[in-house]
Structures are given as C-alpha cells and as structure tokens.
Amino acid sequence: EVLQGLNAFTLGMRSVNPQAQVKVIWLNAWFDPGKERDSAMTLFNQDADVITFHSATNAVMVAAQERGKMAIAYHSDMRQVAPDAQLLAITHNWGNYYTARVKALQAGQWQTSTVWGGLKEGMVRVGDFGPKLPAKVRDEIVQIQKDIVSGKRHPFQGPFSDQDGKVLVAAGQKLSDVEILNMNYGVSGLVGKIAP
C-alpha cells in the first residue's frame, strides 16, 4: 500500500513536472509524532516545495504550517491545524463498507472477499482544498478524479519507468490490479531506496 501511494504520487507529480523528484524518509512506524515532525523539518531544510506523508498524526501538517510551507494531508482534512499549509487532503471513507460487512454478518451472509475500492466506490476522496491551491488546479484535480471514475484515466497508466530507467508500462498500457498489488519497485522520479 505504501509503495502504491508513493508511486502514484510520484507519477502524478511528474505528469505536471517531468523533472520533479520525490525524496522519502522512512519512519518504520505508523505513529510517531516526533519522528514525523523531525522528518518534515529535514525535508524543509532540503528545500522541499511540498510534502506529504503516510502516517497517522497531524505532526507533518503542523510543521508545514509553522514553516510557511505547503503540504498534502493524509487520512483527514487537517485545515484546522494547517489552514495555510494544506493544499488538499486525501481521505479514506470506509464507513459504508464496514456497515455493509456488519449487515452481511448479521444476516448470516458474510463471506471472505477481495475489496478494491477507490474513488468510484467512494472509499477514497481527494478534496478539502486549501487557500493556496489555485482554482484552476482544483478544477483539474476534480476532473482527473471524474476521469478515473469513468475509466478514461488510470493512476498507473503508461508510459513510465522504474528508478533505473527500465520501462515498466508502455504508452497506452496500464497496470492490472494484481500488478499493483505486487508492486515492489520505485518509479522514475523517486530518490533513494524504496524501503529501509
């Protein structure tokens, strides 16, 4: 999941700026506000323009607000602690899924299944736009989400290469769900190792 998000972020960023790079600091923890803050400050000290994270606190957003930097929130809208820093938030909405699973269990109809939910299913959402995000960019993000839902666009649509320049997906092709689930590489634009 972490590599999927990291690679999707990198591909999206490079679709706008093909020379942009993503630097990663691995925390080896889901919840460590001190390390999260220190990592954010390290990236700011290396002149990072925008940061994001894949951990469970608002420490990165608080640090971005304090430093006057821009950040993308994860898991929830964090404008309360980062009103100027937040560009947008990526949120996960699992309530309907959990409700359906509990109702199936109560009805004696629960079965093991693979769930691959995203924008179309309402399980992932990109929004909660902050004041520094230009309206034109906001509109583009909304349209991209619509295009993903309709199938017109795919987050892992070629062409793209791995960190060593090897073509992973050719133009006009896209990764299957199984290929995404088995992702064990970093895409071009990612600086450093894919795992600690």
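Chemist: Just checking my understanding: could you explain the overall build of the protein for this structure?
Modeler: Counting secondary structure elements, the protein contains six helices and eight strands. Tracing the protein from N to C terminus, the helices and strands come up as α-β-α-β-α-β-β-α-β-α-β-β-α-β. In summary, the protein has a C-alpha radius of gyration of 18 Å against a globular reference of 16 Å for 196 residues, a match within 12%. Taking all 196 residues of the protein together, the buried fraction comes to 32%. Taking the contacts inside the protein whose residues are at least 6 apart along the sequence as the reference set, 48% of them involve residues at least 24 apart. When the accessible surface of the protein is summed, it comes to about 11,900 Å², and 53% of that surface belongs to carbon and sulfur atoms. Within the protein, the 18 negative side-chain charges are centred at a point lying 3 Å from the centre of the 20 positive side-chain charges.

Chemist: I would appreciate a short explanation of the sheet that holds strand E5 (residues 124-127) in the present structure.
Modeler: For sheets, the rule is that strands pair by backbone hydrogen bonds, running either parallel or antiparallel. Here we have four strands laid out as an open sheet, ordered E2-E3-E4-E5, and mixed in their pairing. Here the strands that pair on one side only, and so sit at the sheet edges, are strand E2 (50-52) and E5. Averaged over all pairs of adjacent strands, the angle between their axes in this sheet comes to 15°, without regard to strand direction.

Chemist: What's the story with the pairing of strand E4 (residues 86-92) in this structure? I'm lost.
Modeler: A regular strand places its side chains on the two faces of the sheet in alternate fashion. For E4, the buried fraction is high: five of the seven residues fall into the buried class. Sheet analysis places strand E3 (residues 70-75) next to E4, joined by five bridges and oriented parallel. If you follow Ala71 over to E4, its bridge partner there is Gln86. Here four bridges tie E4 to E5, and the two strands are oriented antiparallel to one another. Residue Ala89 lies in a different strand from E5, and its bridge partner there is Gly127.

Chemist: How should the environment of Ala29 be read in this particular structure?
Modeler: With respect to the helices, strands and loops of the structure, Ala29 is situated in the loop between strand E1 (22-23) and helix H2 (33-45). Exposure remark for Ala29: the relative accessible area of 28% places this residue in the partly exposed category. When the C-alpha atoms of Ala29 and Ala73 are compared, they prove to be 17 Å apart, with 44 residues separating the residues in sequence.

Chemist: How do you make sense of the packing of aromatic side chains when you look at a structure like this?
Modeler: For any pair of aromatic rings, the description rests on two quantities: the centre-to-centre distance and the angle between the ring planes. Taken as a whole and assessed by the stated rule, the structure comprises four aromatic pairs. Arranged with centres 6.5 Å apart and planes meeting at 55°, the rings of Phe156 and Phe160 form a pair that is tilted. Taking the relative accessible area as the measure of exposure, Phe160 reaches 5% and is therefore buried. Through successive ring pairs, a cluster of aromatic residues spans Trp94, Tyr97 and Tyr98.

Chemist: Before we go on, may I ask you to explain the pattern of salt bridges in this structure?
Modeler: Pairing between side chains of opposite charge can happen when the charged atoms of each approach one another. Within this structure, the stated rule accounts for four salt bridges. With its nearest N and O atoms 2.6 Å apart, the salt bridge here joins Glu66 to Arg37. One end of the pair, Glu66, is in helix H3 (residues 59-67); the other, Arg37, is in helix H2, with 29 residues separating them in the sequence. Arg79 is the partner of Asp128 in a salt bridge, and the nearest nitrogen-oxygen pair spans 3.6 Å. With Asp128 in the loop between E5 and helix H5 (135-150) and Arg79 in the loop between E3 and E4, the pair connects residues that are 49 residues apart, well separated along the chain. By relative accessible area, which is 16% here, Asp128 ends up buried.

Chemist: Help me understand unusual backbone geometry, please; the structure alone is not making it clear to me.
Modeler: The linkage connecting Gly158 with the following residue, Pro159, adopts the cis geometry, with an omega of 10°. By the element assignment, Pro159 lies in the loop between H5 and strand E6 (160-161). A positive phi angle, close to 85°, is found at His75, a residue other than glycine. The residue His75 is located in strand E3 in this model. The exposure class assigned to His75 is partly exposed, which follows from its relative accessible area of 39%. Phi is positive for Asp128, which is not a glycine, with a value near 50°.

Reading guide: rules and limits
- Sequence order sets the numbering: in each chain, residues are counted from 1 along the sequence as written.
- Thresholds applied to this predicted model are a pLDDT of at least 70 for local features of residues and 80 or more for the giving and counting of side-chain atom pairs; totals over whole chains, interfaces and linings are not thresholded and use all residues.
- Excluded from the side-chain calculation are hydrogens and water; included are all heavy atoms of the structure.
- Only runs of H or I of at least four residues qualify as helices and only runs of E of at least two qualify as strands under DSSP, and these elements are numbered from the N terminus.
- Restricting the calculation to C-alpha atoms gives the radius of gyration, and the globule rule supplies 2.2 Å times the number of residues raised to the power 0.38.
- We call a residue buried when its accessible area falls under 20% of the maximum for its residue type, exposed when it is over 50%, and partly exposed in between, using a 1.4 Å probe and counting protein chains only.
- By definition in these notes, contact holds between two residues if any of their heavy atoms fall within 4.5 Å.
- Each accessible area is a Shrake-Rupley result for a 1.4 Å probe, and residues are judged covered by the shown protein chains and nothing else.
- Note that His is not counted, nor are the chain ends; the positive residues are Lys and Arg, and the negative ones are Asp and Glu.
- For this purpose, a charge sits on NZ of Lys, CZ of Arg, CG of Asp or CD of Glu.
- Any two strands with at least two DSSP-identified bridges between them are counted as paired.
- All axes here are fitted lines through C-alpha atoms, helices being fitted over the stretch that makes contact, and every angle between N-to-C directions spans 0 to 180 degrees.
- Side-chain rings of Phe, Tyr and Trp, where Trp is taken by its six-membered ring, are said to pair if the distance between their centres is within 6.5 Å; with planes under 30 degrees apart they count as stacked, over 60 as edge-to-face, and otherwise as tilted.
- We define a salt bridge as a side-chain nitrogen of Lys or Arg found within 4 Å of a carboxyl oxygen belonging to Asp or Glu.

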